[in-house]
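Coordinates in review
What follows is each chain in one-letter form.
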Amino acid sequence: MTDIHSQKILILDFGSQYTQLIARRVRELGVLSEIRSWDMPAADIEEFAPKAIILAGGPESVTEVDGPKAADVVYTMGLPVLGICYGMQTMAQELGGKVEASDIREFGYAQIKSEGDSKLFKNISDHVNDKGEKLLDVWMSHGDKVVAIPEGFKLMASTESCPIAGMYNEEKNFYGVQFHPEVTHSLQGGRMLEHFIKDIAGCEGLWTPANIIEDQIKRVQKQVGDKKVLLGLSGGVDSSVVAALLHKAIGDQLTCVFVDNGLLRKNEGDMVMDMFAKNMGVKVIRSDAADLFLGALKGVSDPELKRKAIGNTFIEVFDKEATAIKDVDFLAQGTIYPDVIESAASKTGKAHVIKSHHNVGGLPDDMKMDLVEPLRELFKDEVRKIGLELGLPYDMVYRHPFPGPGLGVRILGEVKKEYCDILREADAIFIEELHNFDWYHKTSQAFVVFLPVKSVGVVGDQRRYEWVVSLRAVETIDFMTARWAHLPYELLEKVSNRIINEIEHISRVAYDVSSKPPATIEWE
């Protein structure tokens, strides 16, 4: 069997917003990449045994006395090294070059001139000017710049305001670029990364969905043996892929508990049961706990308190169902790689909490079970690809994200059954029409929010004083920033007319045109 972990790229993170993007781009080339903090100790780097190292960007300045820098071992292990933005600057500084604050800060589109004959830029150009020089369209984001390259390096790229926009030492396979090849605005960035990962570092494409599934099945079988595994199935992408993967690995040793909290979308509970219990033959226990959840939410209107009430009730219900199943040794979770990075950052104090996470967690300590987390190495886009490979339907795998507290954070203020029922119907109409107009997969997340205010309307000849809802649809790549989706007026009009005509308790429909930041995607 192929060892898919035998070739991996180490990415040292200096705090750039793009670091996860670099890791995903490398993985798209079929090579495992992992992110670690820039201050990873030398011994850990050697033990990690990467095929190459990428020094990512960051907000700090190399010119500061205590500016972050990688361990010296990075440059003495005989490995290829690629420095991106801050990564190039720290490489230059550490190897004897010089970095200064730039008079002109470059942010956004730039055109660089390709210099020299490096392997990184081999056969790559976007334009050729009248002097026959190769030009590349790239994305810059920097204030400092390298003003003197280290000994043994040659110039690889330049712009008028940044004469050293790239440098390389072919003998040592060290490369530095001032721009960001990982973002799509750098048109040839993907090819540059491919040159570095495959041609320079000599990696093969072992990190594929089929290989990952095969690897995880073997790992799960080895970890679990003949013991029982319990999984909390929410119907979301992550838990659904875990269920399909574990079912393939251990069959009837898996039992899923699906907690129906009464805060799900229209027909969602039945869809989950149909897919897993009926079609795939997975053992699923459905716990109808809507009354319990709504009781816990009675009189609660603060968003954080609502989240806590939902989370605590989930634990209570899940714990009750779990203890009814005898001799379970393992608890499976849909933890994915960004969760792992986030929790590592919070431990080191390098991350800020904006609000408690949507996914309910924190199962009680007295549940004496070991964890099975088959997705913890994977990004969301990889989880989706694995879902398809396992035979899950496309529409389920590429469904928009749905928060753990469900409609509980899409009903502003106190949550009542009547509000849930109204919102479910409105949301179903919105999603149906997005599909009809071929806009569902063009948006990253779309939903309806229930506002606890009443407004006057006229239906037929009758005055109606009923509830207001707002549509929300956004476009985003990473969910860190998001733009409101510019949906066609015809679509908005159709949705509004249908909601008001078909749901007697709604008199008005609004559309949320806030971007993130300053607004968040969810309203609570």
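In the block above lies the structure referred to throughout.
What counts as what
- Every chain's residues receive numbers from 1 upward, in the order its sequence appears when written.
- Totals for whole chains, interfaces and linings use every residue, but because this is a predicted model, local features are given only for residues with pLDDT of at least 70 and side-chain atom pairs only at 80 or more, for both listing and counting.
- Side-chain numbers come from the whole structure's heavy atoms, not from hydrogens or water.
- The way it works is that DSSP assigns letters per residue, a run of H or I at least four long becomes a helix, a run of E at least two long becomes a strand, and they are numbered from the N terminus.
- Radius of gyration here is computed from C-alpha atoms only, and the compact-globule reference equals 2.2 Å multiplied by the residue count raised to the power 0.38.
- Should any heavy atoms of two residues lie within 4.5 Å, those residues are considered in contact.
- Only the protein chains shown count as cover for residues, and the accessible areas themselves come from Shrake-Rupley with a 1.4 Å probe.
- By the counting scheme adopted, Arg and Lys are positive, Glu and Asp are negative, and His together with the chain ends is not counted.
- Charge placement uses NZ in Lys and CZ in Arg. For Asp and Glu, CG and CD serve respectively.
- Basic side-chain nitrogens of Lys or Arg form a salt bridge, by our definition, when they fall within 4 Å of a carboxyl oxygen of Asp or Glu.
- Partly exposed describes any residue whose relative accessible area lies between the buried limit of under 20% and the exposed limit of over 50%, with all areas from a 1.4 Å probe on protein chains only and scaled to the type maximum.
- Two strands form a pair only when DSSP identifies at least two bridges running between them.
- For every element, the axis is a line fit to its C-alpha atoms; helices are fit only across the contacting stretch, and the angle between N-to-C directions ranges from 0 to 180 degrees.

This part takes up the overall build of the protein. A tally of helices and strands in the protein yields 14 helices and 19 strands. The C-alpha radius of gyration computed for the protein amounts to 26 Å, which stays within 12% of the reference 24 Å derived for 524 residues, consistent with globular compactness. Dimensions of the protein, computed from the C-alpha atoms along their principal axes, are close to 80 × 60 × 40 Å. Across the protein, the fraction of contacts at a sequence separation of at least 24, relative to all contacts at a separation of at least 6, is 76%. When the accessible surface of the protein is summed, it comes to about 24,200 Å², and 49% of that surface belongs to carbon and sulfur atoms. Computed over 59 positive and 79 negative side-chain charges, the inter-centroid distance for the protein is 2 Å.

A few words on the pattern of salt bridges. Tallied over the entire structure, the rule returns 28 salt bridges. With its nearest N and O atoms 2.9 Å apart, the salt bridge here joins E34 to R36. By relative accessible area, E34 is classed as buried at 13%. A relative accessible area of 29% places R36 in the partly exposed class. Each of E432, E433, K494, R498 and E502 takes part in one network of salt bridges that share partners.

A word on the side chain of Q188. Here Q188 is to be found in the loop between β10 (174-177) and α4 (189-200). We classify Q188 as buried; its relative accessible area is 13%. Apart from the residues lying within four places of it in its own chain, the contact partners of Q188 are I124, S125, D126 and L136.

Turning our eyes to something else, we now look at the sheet that holds strand β11 (residues 228-232). The strand order across the open sheet formed by 5 strands is β13-β12-β11-β14-β15, and the pairing between neighbours is parallel. On the outer flanks of this sheet lie β13 (283-288) and β15 (370-372), each paired with one strand and no other. The mean inter-strand angle of the sheet, taken between neighbouring strand axes irrespective of direction, is 30°. Examined bridge by bridge, β11 and strand β14 (residues 328-332) share 4 bridges and lie parallel to one another. In the sheet register, V229 faces β14, and the bridge partner there is F330. Lying on the sheet, helix α6 (residues 237-250) is in contact with β11, β12 (254-260), β14 and β15; it crosses β11 at an angle near 165°.

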